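# Structural characterization, general
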Amino acid sequence: MSDNPCILCCAITGSVPTKANNPAVPISVNEQIESSHAAVEAGASIIHAHVRNDDETPSSDPEKFAALKEGLEKHCPGVVIQFSTGGRSGAGKERGGMLPLKPDMASLSVGSNNFPTRVYENPPDLVAWLAGEMARYGITPEIEAFDLSHILQAIALHKAGALPGRLYVQFVMGVKNAMPADREVFDFYVKTMRRRAPDAPWCAAGIGSAQIEVNEWAIAAGGHTRAGLEDNMRLDRATLAPSNAALIARAADLCEKYQRPVATFAQTREILGLAPFTA
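Notes on the structure in this doc start here. Along each chain, numbering runs from 1 in the same order as the chain's sequence is written. Where totals are concerned, whole chains, interfaces and linings use all residues; where local detail is concerned, this predicted model gives features only for residues with pLDDT of at least 70, and gives and counts side-chain atom pairs only at 80 or more. Each side-chain value is worked out from all heavy atoms of the structure, with water and hydrogens disregarded.

### Topic: the overall build of the chain
The helix count covers DSSP runs of H or I at least four residues long, the strand count covers runs of E at least two residues long, and both are numbered beginning at the N terminus. Along the backbone of the chain there are 8 helices and 14 strands. Relative to the 2.2 N^0.38 estimate, which gives 19 Å for 279 residues, the radius of gyration of the chain is 17 Å and therefore close to what a compact globule would have. Along the first, second and third principal axes, the C-alpha atoms of the chain reach 45 × 40 × 40 Å. Only protein chains enter the accessibility calculation, which uses a 1.4 Å probe; a residue whose area is less than 20% of its type maximum is buried, one above 50% is exposed, and one in between is partly exposed. Residues classed as buried in the chain amount to 53% of the 279 residues present. Our radius of gyration looks at C-alpha atoms and nothing else; its globule reference is 2.2 Å times the residue count to the power 0.38.

### Section: the sheet that holds strand β10 (residues 169-173)
The pairing criterion is simple: DSSP has to find at least two bridges between the two strands. Pairing is parallel around the closed barrel formed by 8 strands, whose spatial order is β1-β2-β5-β6-β9-β10-β11-β12. This sheet shows a mean twist of 25 degrees between the axes of neighbouring strands, independent of strand direction. Taken together, the 2 bridges between strand β5 (residues 80-83) and strand β6 (residues 105-108) define a ladder with parallel strand orientation. Bridge pairing in β6 places F83 opposite A106. It only takes one pair of heavy atoms within 4.5 Å for two residues to be counted as in contact. In this analysis, axes come from line fits to C-alpha atoms, helices being fitted only over the stretch in contact, and the angle between any two N-to-C directions falls in the range 0 to 180 degrees. Across the sheet, helix α2 (residues 62-75) touches β2 (46-49) and β5, and the angle it forms with β5 is around 165 degrees.

### Some remarks on the packing of aromatic side chains
Note on ring pairs: Phe, Tyr and Trp rings are taken, using the six-membered ring of Trp, and paired if centres are within 6.5 Å. Classes follow the plane angle, with under 30 degrees stacked, over 60 edge-to-face and the rest tilted. Inspection of every chain in the model, using the stated rule, returns 9 aromatic pairs. Ring geometry for F115 and F146: centres 5.4 Å apart, planes at 65 degrees, overall edge-to-face. Residue F115 is located in the loop between β7 (113-114) and β8 (119-120), and its partner F146 is located in the loop between β9 (140-145) and α4 (148-159); the two are separated by 31 residues in the primary sequence. Centroid distance F186 to W202: 5.8 Å. Interplanar angle 70 degrees. Geometry classified as edge-to-face. Pair noted here: F186 is in helix α5 (residues 183-196) and W202 is in strand β11 (residues 202-206), with a separation of 16 residues, a long-range link. The class for F186 is buried, based on a relative accessible area of 0%. W202 gets classed as buried once you look at its relative accessible area, which sits at 6%. A network of ring pairs unites the aromatic residues F171, F186, Y189, W202 and W217 as a single cluster.

### A look at the environment of V262
Counting through the fold element by element, V262 comes out in the loop between α7 (244-257) and α8 (265-272). We classify V262 as partly exposed; its relative accessible area is 28%. Residues V262 and L8 lie 254 residues apart in sequence; the distance between their C-alpha atoms is 7.2 Å. Discounting chain neighbours no more than four positions away, the residues touching V262 are C6, L8, G43, A252, C255 and Q267.

### Digging into the nonpolar core
Formed by 67 residues in total, the largest nonpolar core has its most connected members in L167, V169, F171, F186 and M193. Looking at this core element by element, the count peaks at 6 residues for α7. Setting aside residues no more than four positions away along its own chain, M193 makes contact with I151, I155, V169, F171, P198, A200, P201 and W202. Nonpolar cores were defined as sets of buried Ala, Val, Leu, Ile, Met, Phe, Trp, Tyr and Cys residues, with membership established by side-chain atoms within 4.5 Å. Core analysis: the second largest hydrophobic core is formed by 10 residues, I7, A263, L272 and L274 among them.

### Focus on the environment of G97
For G97, the position within the fold is in the loop between β5 and β6. Judged by its relative accessible area of 34%, G97 falls in the partly exposed class. In this structure, the C-alpha to C-alpha distance between G97 and E144, residues 47 residues apart in sequence, is 19 Å.

### Concerning the layout of surface pockets
Over the atoms rolls a probe the size of a water molecule, and in doing so it shows where empty space is left. A volume near 810 Å³ is recorded for the largest pocket. Using a 1 Å grid laid over the protein atoms alone, points where a 1.4 Å probe fits but cannot get out form a cavity; open sets with protein on both sides within 12 Å along at least 5 of 7 lines form a pocket; any residue with an atom within 4 Å of a point counts as lining. Every residue lining the largest pocket is counted, 39 residues in all, and those nearest its centre are I207, G208, E230, D231 and N232. Elements supplying a minimum of two residues to the lining of the largest pocket: α6 (211-220) and β13 (234-236). A per-element tally of the lining of the largest pocket places β13 first, with 3 residues. There is about 350 Å³ of room inside the second largest pocket. Taken together, 22 residues make up the lining of the second largest pocket; nearest its centre are K102, P103, D104, R269 and A275. Looking at the lining of the second largest pocket, the element that brings in the most residues is α2, giving 3 residues. Grid points are joined across faces, edges and corners, and a volume is the space filled by probe spheres set on the points.

### Here's the deal with the environment of P141
With respect to the helices, strands and loops of the structure, P141 is situated in strand β9. Sequence-wise, P141 and E256 are 115 residues apart; in three dimensions their C-alpha atoms are separated by 28 Å.

Structure (structure tokens):
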């Protein structure tokens, strides 16, 4: 598969991990920019970003997103910037308040599911509004699929013209009370994408100890993958990850194992149908 570059996405912060869990979790915008730069040097070509308040609680403040975007454009020119519209950092349309900033991509969940202690609600009217805002601002969604139904719904919405840009689906596996990291399920997800959306690229993310396992499944199967402190704070049961870059470097090592080059910024943009970077 040496002619099939692998996109590495770094989920740098998320809404849940704190410095009490791992001191390496970047909270301030400056920390996020520094951590992203190191992850890019390790092979990341997409930065998946949440923002936090000073007390480490989740935020949907567009001003914080704007500062982060400005810093990433300055220090990592050409990297694909992907903002989260996830439900932990806001409610309703507040979740899309940063979309007028026109990042390259934004995450989008097209269905609801259980999380460890709550229901992750994505009602159809909110999904339609978020997708419409992404279309309005020229943003390509990354579909975060926590269940098979989410994959099927994403394919249906894209075929109906309700999702802008190229279809890109990410399988999220290992969230408690949602889909576990199960190899047979993963294989079925891949078959489903190949059967129903054969031209669409896909990726996979594993949560917690499943991160490296899912990284390997995805890379070996010809897909793309995500790593980072949002999803996993450890290198192993006894060792905290020292940085986002360390987790991306593990995924890059797997790319070498399976003879897949790590995708450059330009290759990532081409694979995902994004506009080329212009300085």
